[in-house]
Amino acid sequence: MWTDPVILEWIFILVKIVVIFGLVLSIVPYTVLAERRICAWIQDRVGPNRVGFQGLLQPIADALKLLLKEDMLPNHVHKVVFTLAPALVFMPSLMILAVIPWGSTIGPMTCVLSDMNAGMLFALALASFSVYGIALAGWASNSKYPFLGGLRSAAQMISYEVCLGLSLVPLFMQTGSLNLSAIVGYQTQHGWLVLYQPLACFIFITSMFAECNRTPFDLPEAEQELVSGYNIEYSSLKFGLFFLGEYANMLVASALVTTLFLGGWSLPFAPFNAPATVIWVGLTHVAFFVAKVCAMLFLFIWVRWTVPRFRYDQLMALGWKVFLPMALVNIVVVAIIMACRANL
Amino acid sequence: MIVERPKLTFWDRIYMPQILKGLWITLKHIPRKRFTRQYPEETPPLPERYRGVPVLVRDPDQRVKCVACQLCEFVCPPKAITVVPGFRAESGPDAKVEKEPQDFIIDMGRCIYCGLCEEACPEEAIFLKKDYAMASYSREQMKLHKEKLLEMGGIHADRICKWKKK
């Protein structure tokens, strides 16, 4: 019965769901801790180090605190949308993780929940979806600062979504696929795409910073200007969900960058540059993926505590006048190079 | 006032070199020595004449030095000190001192650590020590009474011992 391929497939799907949830729900709280520790180190401080060894239990204490807070529902908010918005921020990022290959194969199991052919399109569509949650939260809160935060988020989404999509076009032209597993497969044979497409990589990462509302593009939150933007009226678990969503988005962005540009689970030498045939190689592939994602998360945190926030007009100018032309020119240049190589 | 805007070079205008420079600076700070003091374990070094909690002291013969003259009570700007004066035993070695406080209350919720009580005291009986962590759970607990003050003060190495000579 256990060897029946249909049942085995279902068991694998369950295992993958558990792994993805486990990864998200374990990495995300510790990203928050890492953020606080690294920020402290950059500022010559120590950071939270009291709860557990070196503060390792701090995320649990934080979660408990959030759970025990009073869940306020202000009278002036649009109740349905107000309640829905935090889930709309958190959900899409979890759904994107379904198409990201977090390993090659472990035994007979392929390490991707849904090996979709239009995987990258799906990911881009959902990535923009999480901005709806923020815009709706800003609107439903029915007060001025959240409203401004929501507006900024919407404008920011429009100006960066375009560059985000366009920056990936050369990638698809080169690999000839939208399937993320296929893109990783291409990289195992030809080397990491960041070496072929450094400009695309740069534009993609920068746009992802904007997409995740991270400094230097954290205008929807902007503590100093908007107090904390779209989530002012939220408390307790709803706020927690926003918080979790923000860091889950960061995790997803790191996973996407890893998959698209940094070779996913692979390393550029044997036996790590081909889908695993032995279980231990499969497990090390997962470990490489997690390590690369952690490195990207560190970059996110590092940049946040280095670069000051852009002014609003600077942000729009950067999006429309710099990145958009750059991405377009990049597409043309790559197309010309590809045409030349095909004809020579 | 006219502020001269700095002329930006090409490399300033494309922004990236400056960001990379900034990233390098923050990276250099990560392994540096921390400025944080781990407070309850590591206490700050206090200067020699630090003014902390005012406390009462005894002289080397275990006698309470305070003679309940109430000068500190009168000089105290926030009226934190309350002295309940009383008489000493009719006979015995301390009889000539005549007075001592029955109770001596310092409300640490009011004290401003000015040190005027120490300055005003003619008997060198009250000192501002180096204790500073006086948090407690109620206003009532913030009032320190005579026993507690004497316990915190301990014995003052008095070289003059004026009451022995009288």
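### Quick notes on the overall build of chain B
At step 1: What chain B contains, in helices and strands, is 6 helices and 5 strands.
At step 2: Here the C-alpha atoms of chain B give a radius of gyration of 27 Å, more than 25% beyond the 15 Å that 2.2 N^0.38 yields for 166 residues.
At step 3: If one aligns the C-alpha atoms of chain B with their principal axes, the spans along those axes are about 95 × 40 × 35 Å.
At step 4: Here chain B holds 166 residues, and 34% of them are scored as buried.
At step 5: Summarising the internal contacts of chain B: among those between residues at least 6 apart in sequence, 69% fall at separations of at least 24.
At step 6: Carbon together with sulfur atoms contributes 57% to the accessible area of chain B, which is approximately 11,900 Å² in total.

### Topic: helix α3 (residues 79-96) of chain A
All names here are of chain A.
At step 1: The terminal C-alpha atoms of α3, which comprises 18 residues, lie 28 Å apart, in line with the 26 Å expected from a rise of 1.5 Å per residue.
At step 2: Largest kink in α3: about 30°, centred on Ala-85, with the proline Pro-86 one to four residues after it.
At step 3: Those residues of α3 lying buried are Val-81, Phe-82, Ala-85, Pro-86, Leu-88, Val-89, Phe-90, Pro-92, Ser-93, Leu-94 and Ile-96.
At step 4: Buried-residue contacts for α3 involve α1 (5-42), α4 (119-141) and α10 (236-261).

### What to know about the packing of helix α6 (residues 180-190) of chain A against α10 of chain A
All names here are of chain A.
At step 1: Where α6 meets α10, the closest approach of the two axes is 8 Å, and the angle between their N-to-C directions is 50°. Between α6 and α10, the angle falls in the class oblique. The segment α6 lies against α10, with Leu-180, Ile-183, Val-184 and Gln-187 engaging Leu-256, Thr-259, Leu-260 and Phe-261.
At step 2: Its residues assigned to classes, the contact of α6 with α10 shows 6 nonpolar, 2 polar and no charged.

### A few points about the interface of chain B and chain A
At step 1: On the side of chain A, 16 residues touch chain B, which itself brings 18 residues to the contact.
At step 2: Around 1,500 Å² of area is buried between chain B and chain A when both sides are counted, 64% of it from carbon and sulfur atoms.
At step 3: Looking at the side of chain B facing chain A, the largest losses of area belong to Leu-23, Ile-30 and Arg-34 of chain B, adding up to 34% of the total buried there.
At step 4: Scanning the region where chain B abuts chain A turns up 1 salt bridge.

### Considering the nonpolar core
At step 1: Within the largest apolar cluster, 75 residues are counted, with the highest numbers of intra-cluster contacts made by Met-120, Leu-168, Phe-204, Leu-256, Leu-260 and Phe-261 of chain A.
At step 2: Looking at this core, the element that brings in the most residues is α10 of chain A, giving 11 residues.
At step 3: Beyond its immediate stretch of four places on either side in the chain, Phe-261 of chain A contacts Leu-168, Leu-171, Gln-187, Trp-192, Leu-193, Val-194, Gln-197, Ala-200, Cys-201 and Phe-204 of chain A.
At step 4: Listed in part, the 26 residues of the second largest apolar core include Val-53, Ala-68, Met-108 and Met-152 of chain B.

### Observations concerning the packing of aromatic side chains
All names here are of chain A.
At step 1: Applying the stated criterion across every chain, the model contains 13 aromatic pairs over all chains.
At step 2: A ring pair is formed by Phe-204 and Phe-261, whose centres lie 5.7 Å apart and whose planes are at 50°; its orientation type is tilted. Placement of Phe-204 in helix α8 (residues 198-211) and of Phe-261 in helix α10 is noted, with a sequence separation of 57 residues between them.
At step 3: Put simply, the rings of Phe-82, Tyr-234 and Phe-242 touch in pairs and so form one group of aromatic residues.

### Digging into the sheet that holds strand β3 (residues 99-107) of chain B
Residues and elements named next belong to chain B.
At step 1: Here we have 3 strands laid out as an open sheet, ordered β2-β3-β5, and antiparallel in their pairing. Two strands lie at the open edges of the sheet, namely β2 (81-87) and β5 (143-144), each paired on one side alone.
At step 2: Sheet analysis places β3 next to β5, joined by 2 bridges and oriented antiparallel. The residue bridging Ile-106 from the neighbouring strand is Leu-144, located in β5.
At step 3: Along the sheet face, helix α6 (residues 146-153) touches β3 and β5 and points at about 90° away from the line of β3.

### A few points about the environment of Thr-31 of chain A
Residues and elements named next belong to chain A.
At step 1: Looking at where Thr-31 falls in the secondary structure, it is placed in helix α1.
At step 2: Of the residues examined, Thr-31 reaches a relative accessible area of 4% and is grouped as buried.
At step 3: Sequence spacing of Thr-31 and Ala-140 is 109 residues, and the spatial spacing of their C-alpha atoms is 29 Å.
At step 4: Those residues within four positions of Thr-31 in sequence are excluded, and the remaining contacts are Tyr-247, Met-250, Leu-297 and Ile-301.

Rules behind the numbers
- Residues numbered from 1 in each chain as written.
- Chains lettered and ligands numbered in written order.
- Predicted model: local features only at pLDDT ≥ 70, side-chain atom pairs only at ≥ 80, totals over all residues.
- Heavy atoms only, no water.
- Helix = DSSP H or I, 4+ residues; strand = E, 2+ residues; numbered from the N terminus.
- Rg over C-alpha atoms; globule rule 2.2 N^0.38 Å.
- Buried < 20%, exposed > 50% of the residue type's maximum accessible area, 1.4 Å probe, protein only.
- Contact = heavy atoms within 4.5 Å.
- Areas by Shrake-Rupley, 256 points an atom, 1.4 Å probe, with all protein chains shown as cover.
- Expected span 1.5 Å × (residues − 1).
- Bend = angle between axes of the 7 residues up to and from the residue.
- Axes fitted to C-alpha atoms, helices over the stretch in contact; angles between N-to-C directions.
- Parallel < 35°, antiparallel > 145°, perpendicular 65-115°, else oblique.
- Nonpolar A, V, L, I, M, F, W, Y, C, P; charged D, E, K, R; others polar.
- Buried area = accessible area lost by both parts, 1.4 Å probe.
- Salt bridge = Lys/Arg side-chain N within 4 Å of Asp/Glu carboxyl O.
- Core = buried A, V, L, I, M, F, W, Y, C linked by side-chain atoms within 4.5 Å.
- Phe/Tyr/Trp six-rings, centres within 6.5 Å; stacked < 30°, edge-to-face > 60°.
- Pairing = 2+ DSSP bridges.

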